[in-house]
Amino acid sequence: MLKLFLLFKKIGDIITNMSIAIQFVLLAFSSLIIVVSFGIIYNSFETSLSFFVDPGYYTGVIDKYPLVGFIETLLGIFVFGSVISLITTSILSIVEKNKLRAVHGILEESFETISNIQARQFVKKNQLVAERRNFNLDEAEIRLEVTKDEITNAIRMFGNLRLRKIKDISEIVIENFSGNTEYGSFVDRKSPITIIATQNYSDAGIGHFAATIANSINANYISNEYFSSGAPLKSKQINFAKHQSYANFFQKDNNCKILDTFKFDLIKLSEHTKLFIYLGTSNANREHNIHLLFGGEKGNVEFDIKNKTYKDIEYLKKVFIDLKNNLNDVGQSIATHEEYGNDESSHLVANIHKQFGIDTLTLYISTSILWDSNDLNYFTILNTIKNGIKNFLNKNQIIEN
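Residues numbered from 1 in each chain as written. Predicted model: local features only at pLDDT ≥ 70, side-chain atom pairs only at ≥ 80, totals over all residues. Heavy atoms only, no water.

## Here we look at the nonpolar core
Counting 50 residues, the largest nonpolar core has Phe209, Ile365 and Ile385 as its most contacted members. Once you skip the residues sitting within four places of it in the chain, Phe209 turns out to touch Leu279, Ile365, Ile369, Leu370, Tyr378, Leu382 and Ile385. The next biggest cluster of nonpolar side chains, apart from the first, holds 27 residues, and it includes Phe240, Ala241, Ile258 and Val349. (Core = buried A, V, L, I, M, F, W, Y, C linked by side-chain atoms within 4.5 Å. Buried < 20%, exposed > 50% of the residue type's maximum accessible area, 1.4 Å probe, protein only. Contact = heavy atoms within 4.5 Å.)

Pasting the structure below:
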(Lines give C-alpha, C1' and ligand atoms only; values in the text may rest on other atoms or scores of the structure.)
Protein backbone atom coordinates (compact mmCIF):
# COMPACT_ATOMS: atom_id res chain seq x y z
CA MET A 1 0.00 0.00 0.00
CA LEU A 2 2.84 2.37 0.82
CA LYS A 3 4.46 1.72 -2.54
CA LEU A 4 1.10 2.28 -4.26
CA PHE A 5 0.65 5.55 -2.40
CA LEU A 6 4.15 6.71 -3.33
CA LEU A 7 3.49 5.76 -6.93
CA PHE A 8 0.28 7.82 -6.93
CA LYS A 9 2.10 10.74 -5.33
CA LYS A 10 4.87 10.63 -7.92
CA ILE A 11 2.33 10.52 -10.75
CA GLY A 12 0.44 13.40 -9.14
CA ASP A 13 3.61 15.50 -8.93
CA ILE A 14 4.34 14.88 -12.61
CA ILE A 15 0.81 15.85 -13.60
CA THR A 16 0.91 18.98 -11.43
CA ASN A 17 3.95 20.28 -13.32
CA MET A 18 2.12 20.06 -16.66
CA SER A 19 -0.12 22.73 -18.16
CA ILE A 20 -3.81 22.62 -17.24
CA ALA A 21 -4.90 21.60 -20.75
CA ILE A 22 -2.42 18.72 -20.85
CA GLN A 23 -3.50 17.66 -17.36
CA PHE A 24 -7.14 17.48 -18.47
CA VAL A 25 -6.28 15.46 -21.57
CA LEU A 26 -4.03 13.11 -19.64
CA LEU A 27 -6.60 12.52 -16.89
CA ALA A 28 -9.37 11.93 -19.43
CA PHE A 29 -7.23 9.48 -21.38
CA SER A 30 -6.18 7.72 -18.17
CA SER A 31 -9.80 7.42 -17.08
CA LEU A 32 -10.74 5.84 -20.40
CA ILE A 33 -7.87 3.36 -20.24
CA ILE A 34 -8.71 2.36 -16.66
CA VAL A 35 -12.44 1.86 -17.34
CA VAL A 36 -11.81 -0.12 -20.52
CA SER A 37 -9.07 -2.26 -18.99
CA PHE A 38 -11.05 -3.21 -15.89
CA GLY A 39 -14.20 -3.61 -18.00
CA ILE A 40 -12.43 -6.38 -19.90
CA ILE A 41 -11.56 -8.09 -16.61
CA TYR A 42 -15.16 -7.85 -15.33
CA ASN A 43 -16.60 -8.53 -18.75
CA SER A 44 -18.78 -5.52 -18.02
CA PHE A 45 -17.93 -1.90 -18.79
CA GLU A 46 -20.92 -0.78 -16.72
CA THR A 47 -19.52 -2.49 -13.61
CA SER A 48 -16.06 -1.02 -14.32
CA LEU A 49 -17.49 2.47 -14.68
CA SER A 50 -19.45 2.05 -11.41
CA PHE A 51 -16.33 1.05 -9.48
CA PHE A 52 -14.40 3.93 -11.04
CA VAL A 53 -16.84 6.80 -10.39
CA ASP A 54 -18.59 5.66 -7.18
CA PRO A 55 -16.44 4.68 -4.16
CA GLY A 56 -19.62 3.52 -2.37
CA TYR A 57 -20.27 0.95 -5.08
CA TYR A 58 -17.43 -1.28 -3.86
CA THR A 59 -18.80 -1.54 -0.31
CA GLY A 60 -22.36 -2.14 -1.50
CA VAL A 61 -21.73 -4.93 -3.99
CA ILE A 62 -20.47 -8.51 -3.55
CA ASP A 63 -18.24 -9.15 -6.49
CA LYS A 64 -16.13 -12.12 -7.51
CA TYR A 65 -13.26 -9.66 -8.10
CA PRO A 66 -13.15 -7.84 -4.73
CA LEU A 67 -9.42 -7.03 -4.84
CA VAL A 68 -9.51 -5.83 -8.43
CA GLY A 69 -12.63 -3.80 -7.69
CA PHE A 70 -10.93 -2.28 -4.68
CA ILE A 71 -7.91 -1.30 -6.76
CA GLU A 72 -10.09 0.30 -9.44
CA THR A 73 -12.03 2.17 -6.78
CA LEU A 74 -8.77 3.56 -5.40
CA LEU A 75 -7.72 4.57 -8.89
CA GLY A 76 -11.10 6.23 -9.39
CA ILE A 77 -10.72 8.16 -6.14
CA PHE A 78 -7.26 9.30 -7.19
CA VAL A 79 -8.11 10.24 -10.79
CA PHE A 80 -11.53 11.78 -10.06
CA GLY A 81 -10.07 13.64 -7.12
CA SER A 82 -7.41 15.00 -9.42
CA VAL A 83 -10.05 16.11 -11.94
CA ILE A 84 -12.08 17.90 -9.27
CA SER A 85 -8.94 19.48 -7.83
CA LEU A 86 -7.85 20.56 -11.29
CA ILE A 87 -11.22 22.12 -12.07
CA THR A 88 -11.23 23.95 -8.75
CA THR A 89 -7.65 25.13 -9.21
CA SER A 90 -8.40 26.29 -12.75
CA ILE A 91 -11.41 28.32 -11.64
CA LEU A 92 -9.46 29.90 -8.77
CA SER A 93 -6.55 30.60 -11.11
CA ILE A 94 -8.81 32.35 -13.62
CA VAL A 95 -10.43 34.41 -10.87
CA GLU A 96 -7.02 35.36 -9.44
CA LYS A 97 -5.61 36.22 -12.87
CA ASN A 98 -8.57 38.47 -13.65
CA LYS A 99 -8.19 40.13 -10.28
CA LEU A 100 -4.47 40.76 -10.85
CA ARG A 101 -5.18 41.98 -14.39
CA ALA A 102 -7.50 44.61 -12.88
CA VAL A 103 -4.83 45.57 -10.32
CA HIS A 104 -2.26 45.88 -13.11
CA GLY A 105 -4.65 48.11 -15.07
CA ILE A 106 -5.13 50.31 -12.00
CA LEU A 107 -1.37 50.61 -11.54
CA GLU A 108 -0.80 51.58 -15.18
CA GLU A 109 -3.64 54.11 -15.05
CA SER A 110 -2.12 55.70 -11.95
CA PHE A 111 0.97 56.66 -13.96
CA GLU A 112 -1.06 58.73 -16.42
CA THR A 113 -1.37 61.61 -13.94
CA ILE A 114 1.54 63.53 -12.39
CA SER A 115 0.41 64.19 -8.82
CA ASN A 116 2.15 67.56 -8.27
CA ILE A 117 -0.01 70.25 -9.83
CA GLN A 118 2.89 72.66 -10.53
CA ALA A 119 4.85 69.93 -12.26
CA ARG A 120 1.75 68.90 -14.19
CA GLN A 121 1.23 72.46 -15.42
CA PHE A 122 4.92 72.78 -16.32
CA VAL A 123 4.83 69.56 -18.34
CA LYS A 124 1.76 70.74 -20.26
CA LYS A 125 3.14 74.25 -20.87
CA ASN A 126 6.43 72.90 -22.25
CA GLN A 127 4.77 70.17 -24.31
CA LEU A 128 6.57 67.35 -22.56
CA VAL A 129 5.12 63.92 -23.25
CA ALA A 130 5.49 62.61 -19.73
CA GLU A 131 3.84 60.40 -17.17
CA ARG A 132 4.29 60.01 -13.43
CA ARG A 133 7.93 59.26 -12.57
CA ASN A 134 7.25 56.56 -9.99
CA PHE A 135 4.81 55.62 -7.25
CA ASN A 136 5.86 55.00 -3.66
CA LEU A 137 4.82 51.45 -2.76
CA ASP A 138 3.30 52.35 0.60
CA GLU A 139 1.41 55.27 -0.92
CA ALA A 140 0.16 53.11 -3.80
CA GLU A 141 -1.24 50.57 -1.36
CA ILE A 142 -3.21 53.27 0.44
CA ARG A 143 -4.32 55.48 -2.44
CA LEU A 144 -5.12 52.71 -4.92
CA GLU A 145 -6.63 50.44 -2.26
CA VAL A 146 -4.68 47.36 -3.32
CA THR A 147 -2.34 45.26 -1.19
CA LYS A 148 1.41 45.03 -1.65
CA ASP A 149 1.06 41.32 -2.42
CA GLU A 150 -1.45 42.12 -5.17
CA ILE A 151 0.90 44.76 -6.59
CA THR A 152 3.86 42.37 -6.55
CA ASN A 153 1.90 39.50 -8.08
CA ALA A 154 0.36 41.73 -10.77
CA ILE A 155 3.81 43.00 -11.76
CA ARG A 156 5.19 39.46 -11.83
CA MET A 157 2.32 38.19 -13.99
CA PHE A 158 1.87 41.04 -16.50
CA GLY A 159 5.16 42.96 -16.51
CA ASN A 160 5.88 46.50 -17.79
CA LEU A 161 6.09 47.61 -14.16
CA ARG A 162 8.84 46.98 -11.61
CA LEU A 163 9.70 47.62 -7.99
CA ARG A 164 12.81 49.70 -7.37
CA LYS A 165 14.66 50.82 -4.27
CA ILE A 166 15.94 54.39 -4.27
CA LYS A 167 19.24 53.83 -2.47
CA ASP A 168 19.78 57.34 -1.12
CA ILE A 169 16.53 57.36 0.85
CA SER A 170 15.80 53.61 1.06
CA GLU A 171 12.42 54.17 -0.56
CA ILE A 172 10.70 51.38 -2.51
CA VAL A 173 8.85 52.67 -5.57
CA ILE A 174 6.99 51.29 -8.58
CA GLU A 175 8.30 52.20 -12.04
CA ASN A 176 6.31 51.96 -15.25
CA PHE A 177 7.95 51.21 -18.58
CA SER A 178 7.05 49.96 -22.03
CA GLY A 179 8.62 46.60 -22.84
CA ASN A 180 7.88 45.18 -26.28
CA THR A 181 10.97 43.09 -27.03
CA GLU A 182 12.96 40.36 -25.27
CA TYR A 183 15.55 42.94 -24.17
CA GLY A 184 13.25 45.89 -23.43
CA SER A 185 11.79 48.67 -25.59
CA PHE A 186 12.11 49.31 -29.31
CA VAL A 187 10.23 52.25 -30.83
CA ASP A 188 11.04 53.10 -34.43
CA ARG A 189 9.32 56.36 -35.35
CA LYS A 190 11.34 56.64 -38.57
CA SER A 191 13.00 59.64 -36.98
CA PRO A 192 16.57 60.77 -37.69
CA ILE A 193 17.13 60.88 -33.92
CA THR A 194 17.60 57.82 -31.73
CA ILE A 195 17.73 57.84 -27.94
CA ILE A 196 19.53 54.85 -26.39
CA ALA A 197 19.25 53.78 -22.74
CA THR A 198 20.96 50.60 -21.53
CA GLN A 199 20.90 51.14 -17.74
CA ASN A 200 17.14 51.15 -17.12
CA TYR A 201 17.17 47.81 -15.29
CA SER A 202 20.10 48.66 -13.04
CA ASP A 203 19.56 52.36 -12.29
CA ALA A 204 16.28 53.78 -11.05
CA GLY A 205 14.92 56.83 -12.86
CA ILE A 206 16.99 56.88 -16.05
CA GLY A 207 14.33 54.97 -18.00
CA HIS A 208 11.71 57.61 -17.32
CA PHE A 209 14.15 60.41 -18.16
CA ALA A 210 15.26 58.86 -21.46
CA ALA A 211 11.78 57.79 -22.58
CA THR A 212 10.32 61.22 -21.78
CA ILE A 213 12.92 63.00 -23.92
CA ALA A 214 12.41 60.53 -26.78
CA ASN A 215 8.63 60.89 -26.61
CA SER A 216 8.80 64.68 -26.34
CA ILE A 217 10.94 65.15 -29.47
CA ASN A 218 9.32 62.23 -31.31
CA ALA A 219 12.62 60.35 -31.50
CA ASN A 220 13.28 56.67 -31.94
CA TYR A 221 13.85 54.90 -28.63
CA ILE A 222 15.71 51.70 -27.80
CA SER A 223 16.34 50.53 -24.26
CA ASN A 224 17.44 47.60 -22.15
CA GLU A 225 14.85 46.93 -19.44
CA TYR A 226 15.68 43.44 -18.18
CA PHE A 227 19.44 42.89 -17.94
CA SER A 228 22.50 44.15 -16.04
CA SER A 229 26.01 42.89 -15.33
CA GLY A 230 25.21 43.29 -11.63
CA ALA A 231 21.83 41.53 -11.69
CA PRO A 232 21.32 39.03 -8.83
CA LEU A 233 20.24 36.27 -11.23
CA LYS A 234 22.85 34.88 -13.64
CA SER A 235 20.29 34.61 -16.43
CA LYS A 236 19.96 38.42 -16.37
CA GLN A 237 23.67 39.22 -16.19
CA ILE A 238 24.30 40.84 -19.56
CA ASN A 239 26.15 44.13 -19.94
CA PHE A 240 24.39 46.14 -22.65
CA ALA A 241 26.70 49.16 -22.30
CA LYS A 242 29.95 47.29 -22.94
CA HIS A 243 30.28 43.94 -24.68
CA GLN A 244 32.81 42.17 -26.87
CA SER A 245 30.15 41.39 -29.49
CA TYR A 246 29.89 45.12 -30.28
CA ALA A 247 33.19 44.78 -32.15
CA ASN A 248 31.08 43.68 -35.12
CA PHE A 249 27.41 44.63 -35.30
CA PHE A 250 26.92 42.52 -38.40
CA GLN A 251 28.26 39.29 -36.90
CA LYS A 252 26.11 37.07 -34.74
CA ASP A 253 27.19 36.12 -31.23
CA ASN A 254 25.94 32.60 -30.59
CA ASN A 255 26.64 33.04 -26.88
CA CYS A 256 24.24 35.97 -26.52
CA LYS A 257 21.27 35.90 -28.88
CA ILE A 258 19.50 38.69 -26.99
CA LEU A 259 22.34 41.07 -27.82
CA ASP A 260 22.11 39.93 -31.45
CA THR A 261 18.49 41.10 -31.48
CA PHE A 262 19.51 44.40 -29.87
CA LYS A 263 22.29 44.92 -32.45
CA PHE A 264 19.98 44.03 -35.33
CA ASP A 265 17.47 46.66 -34.16
CA LEU A 266 20.25 49.25 -33.94
CA ILE A 267 21.26 48.39 -37.50
CA LYS A 268 17.67 49.03 -38.62
CA LEU A 269 17.64 52.38 -36.82
CA SER A 270 21.02 53.37 -38.31
CA GLU A 271 19.44 53.39 -41.77
CA HIS A 272 17.63 56.65 -41.01
CA THR A 273 19.35 57.96 -37.85
CA LYS A 274 21.58 61.03 -38.13
CA LEU A 275 22.27 61.40 -34.41
CA PHE A 276 22.45 58.75 -31.69
CA ILE A 277 22.20 60.01 -28.10
CA TYR A 278 23.14 57.59 -25.34
CA LEU A 279 21.66 58.42 -21.93
CA GLY A 280 23.25 56.96 -18.80
CA THR A 281 23.70 57.77 -15.12
CA SER A 282 26.42 59.31 -12.97
CA ASN A 283 27.00 59.20 -9.24
CA ALA A 284 25.57 62.03 -7.14
CA ASN A 285 28.98 62.52 -5.52
CA ARG A 286 30.50 63.81 -8.76
CA GLU A 287 31.34 67.50 -8.96
CA HIS A 288 29.10 68.04 -11.98
CA ASN A 289 25.46 66.99 -12.39
CA ILE A 290 25.52 66.35 -16.14
CA HIS A 291 28.27 65.14 -18.47
CA LEU A 292 28.29 65.58 -22.24
CA LEU A 293 30.75 63.12 -23.78
CA PHE A 294 31.93 62.74 -27.36
CA GLY A 295 34.82 60.25 -27.40
CA GLY A 296 37.48 61.88 -25.19
CA GLU A 297 39.78 60.47 -22.55
CA LYS A 298 39.05 61.10 -18.89
CA GLY A 299 40.49 64.48 -17.84
CA ASN A 300 40.64 65.90 -21.37
CA VAL A 301 38.79 69.21 -21.40
CA GLU A 302 39.47 70.03 -25.04
CA PHE A 303 36.77 69.88 -27.73
CA ASP A 304 38.84 69.19 -30.83
CA ILE A 305 39.98 65.74 -29.75
CA LYS A 306 41.21 62.65 -31.50
CA ASN A 307 38.57 60.02 -32.32
CA LYS A 308 35.69 62.37 -31.57
CA THR A 309 32.20 60.92 -32.10
CA TYR A 310 30.60 64.20 -33.24
CA LYS A 311 31.95 65.73 -36.46
CA ASP A 312 31.14 69.46 -36.23
CA ILE A 313 33.14 70.24 -33.13
CA GLU A 314 32.63 74.03 -33.36
CA TYR A 315 28.89 73.67 -33.28
CA LEU A 316 29.17 71.15 -30.47
CA LYS A 317 31.13 73.67 -28.43
CA LYS A 318 28.56 76.40 -29.10
CA VAL A 319 25.65 74.23 -28.03
CA PHE A 320 27.57 73.09 -24.95
CA ILE A 321 28.09 76.70 -23.85
CA ASP A 322 24.40 77.51 -24.36
CA LEU A 323 23.37 74.40 -22.47
CA LYS A 324 25.83 75.20 -19.68
CA ASN A 325 24.31 78.69 -19.25
CA ASN A 326 20.74 77.36 -19.29
CA LEU A 327 21.53 74.63 -16.80
CA ASN A 328 23.30 77.13 -14.56
CA ASP A 329 20.02 79.10 -14.47
CA VAL A 330 18.29 76.06 -12.96
CA GLY A 331 21.10 75.31 -10.51
CA GLN A 332 22.87 72.56 -12.43
CA SER A 333 26.38 72.18 -13.79
CA ILE A 334 27.61 70.39 -16.91
CA ALA A 335 31.05 69.13 -17.90
CA THR A 336 32.65 67.20 -20.74
CA HIS A 337 35.36 64.61 -20.02
CA GLU A 338 36.63 66.09 -16.75
CA GLU A 339 35.29 63.18 -14.71
CA TYR A 340 34.41 60.51 -17.29
CA GLY A 341 36.22 59.02 -20.24
CA ASN A 342 34.29 58.07 -23.37
CA ASP A 343 36.89 56.17 -25.37
CA GLU A 344 36.51 52.51 -24.35
CA SER A 345 36.73 50.31 -27.42
CA SER A 346 34.14 47.83 -26.11
CA HIS A 347 31.52 50.48 -25.33
CA LEU A 348 28.34 50.60 -27.37
CA VAL A 349 28.75 54.29 -28.24
CA ALA A 350 32.29 53.93 -29.61
CA ASN A 351 31.25 51.06 -31.85
CA ILE A 352 28.08 52.73 -33.12
CA HIS A 353 30.14 55.69 -34.33
CA LYS A 354 32.97 53.53 -35.66
CA GLN A 355 30.82 51.08 -37.61
CA PHE A 356 27.95 53.29 -38.76
CA GLY A 357 29.88 56.56 -39.14
CA ILE A 358 26.99 58.42 -37.48
CA ASP A 359 27.30 61.30 -34.98
CA THR A 360 26.97 59.92 -31.46
CA LEU A 361 26.79 61.76 -28.13
CA THR A 362 26.63 60.55 -24.54
CA LEU A 363 24.80 62.28 -21.71
CA TYR A 364 25.28 61.14 -18.12
CA ILE A 365 22.58 62.36 -15.74
CA SER A 366 23.31 62.49 -12.01
CA THR A 367 21.20 60.42 -9.66
CA SER A 368 20.77 63.65 -7.66
CA ILE A 369 18.50 64.72 -10.53
CA LEU A 370 16.90 61.37 -11.24
CA TRP A 371 16.08 60.77 -7.58
CA ASP A 372 15.07 64.31 -6.66
CA SER A 373 11.73 64.06 -4.86
CA ASN A 374 10.70 67.48 -6.23
CA ASP A 375 8.86 66.79 -9.50
CA LEU A 376 9.00 70.43 -10.64
CA ASN A 377 12.80 70.54 -10.26
CA TYR A 378 13.13 67.25 -12.10
CA PHE A 379 11.00 68.25 -15.09
CA THR A 380 12.61 71.69 -15.25
CA ILE A 381 16.06 70.13 -15.65
CA LEU A 382 14.74 67.51 -18.08
CA ASN A 383 13.15 70.22 -20.22
CA THR A 384 16.40 72.20 -20.29
CA ILE A 385 18.31 69.16 -21.54
CA LYS A 386 15.56 68.39 -24.05
CA ASN A 387 15.86 71.91 -25.47
CA GLY A 388 19.63 71.49 -25.64
CA ILE A 389 19.20 68.30 -27.66
CA LYS A 390 16.77 70.08 -29.99
CA ASN A 391 19.51 72.64 -30.68
CA PHE A 392 21.79 69.87 -31.87
CA LEU A 393 19.06 68.57 -34.11
CA ASN A 394 17.80 71.88 -35.43
CA LYS A 395 21.25 72.62 -36.80
CA ASN A 396 20.76 69.98 -39.44
CA GLN A 397 17.01 70.57 -39.69
CA ILE A 398 16.49 67.14 -38.23
CA ILE A 399 13.39 68.34 -36.41
CA GLU A 400 11.26 71.42 -36.73
CA ASN A 401 11.03 74.16 -34.13
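Having seen the model, we can carry on.
## Overview of helix H10 (residues 257-270)
The end-to-end C-alpha separation of H10 is 20 Å, in line with the 20 Å expected for 14 residues at 1.5 Å each. Counting buried positions along H10 yields 10 of 14 residues, so the element is predominantly enclosed. Within H10 the residues assigned to the buried category are Ile258, Leu259, Asp260, Phe262, Lys263, Asp265, Leu266, Ile267, Leu269 and Ser270. Structurally, H10 contributes buried residues whose contacts are with strand S4 (184-187), strand S5 (193-197), strand S6 (220-224), strand S7 (275-282) and helix H12 (348-356). (Helix = DSSP H or I, 4+ residues; strand = E, 2+ residues; numbered from the N terminus. Expected span 1.5 Å × (residues − 1).)

## Here's the deal with the packing of aromatic side chains
One pass over the structure, following the stated rule, counts 14 aromatic pairs. On the basis of an interplanar angle of 75 degrees and a centroid distance of 5.0 Å, the ring pair of Tyr340 and Tyr364 is categorised as edge-to-face. With a gap of 24 residues between them, Tyr340 in the loop between strand S9 (334-335) and H12 and Tyr364 in strand S10 (residues 359-366) connect regions that are remote in the sequence. Each member of the aromatic cluster is reached from another via a ring pair, and the members are Tyr246, Phe249, Phe250, Phe276 and Phe356. (Phe/Tyr/Trp six-rings, centres within 6.5 Å; stacked < 30°, edge-to-face > 60°.)

## What to know about a nonpolar patch on the surface
A cluster of nonpolar side chains, Ile87, Ile91 and Val95, forms an exposed patch at the surface whose accessible area comes to about 260 Å². Position of Val95 relative to the elements: it lies in helix H5 (residues 66-110). A relative accessible area of 51% means that Val95 is categorised as exposed. (Patch = residues over 30% accessible without salt bridge, like charges linked within 9 Å, V, L, I, M, F, W, Y side chains within 5 Å. Areas by Shrake-Rupley, 256 points an atom, 1.4 Å probe, with all protein chains shown as cover. Salt bridge = Lys/Arg side-chain N within 4 Å of Asp/Glu carboxyl O.)

## Notes on the pairing of S7
Of all 8 residues in S7, 8 are buried, a share of seventy percent or more. With burial as the criterion, each face of S7 is covered, one bearing Leu275, Ile277, Leu279 and Thr281 and the other bearing Phe276, Tyr278, Gly280 and Ser282. With 4 bridges connecting them, S5 and S7 associate as parallel partners. Note that in S7 the partner of Ile195 across the bridge is Ile277. As paired strands, S7 and S10 are joined by 8 bridges and run parallel to one another. Within S10, the residue paired with Tyr278 across the bridge is Thr362. (Pairing = 2+ DSSP bridges.)

## Some words on unusual backbone geometry
One non-glycine residue with positive phi stands out, namely Gln127, at about 55 degrees. At Asn160, a position not held by glycine, the phi torsion is positive, near 60 degrees. By the secondary structure assignment, Asn160 is in the loop between helix H8 (148-158) and strand S2 (161-166).

## Some details on the sheet that holds S6
Read across the open sheet, the 7 strands follow the order S4-S6-S5-S7-S10-S8-S9; overall the sheet is mixed. Of all the strands in the sheet, just S4 and S9 have a single pairing partner and so form its edges. With 4 bridges connecting them, S5 and S6 associate as parallel partners. Bridging from a neighbouring strand, Ile195 pairs with Tyr221 of S6.

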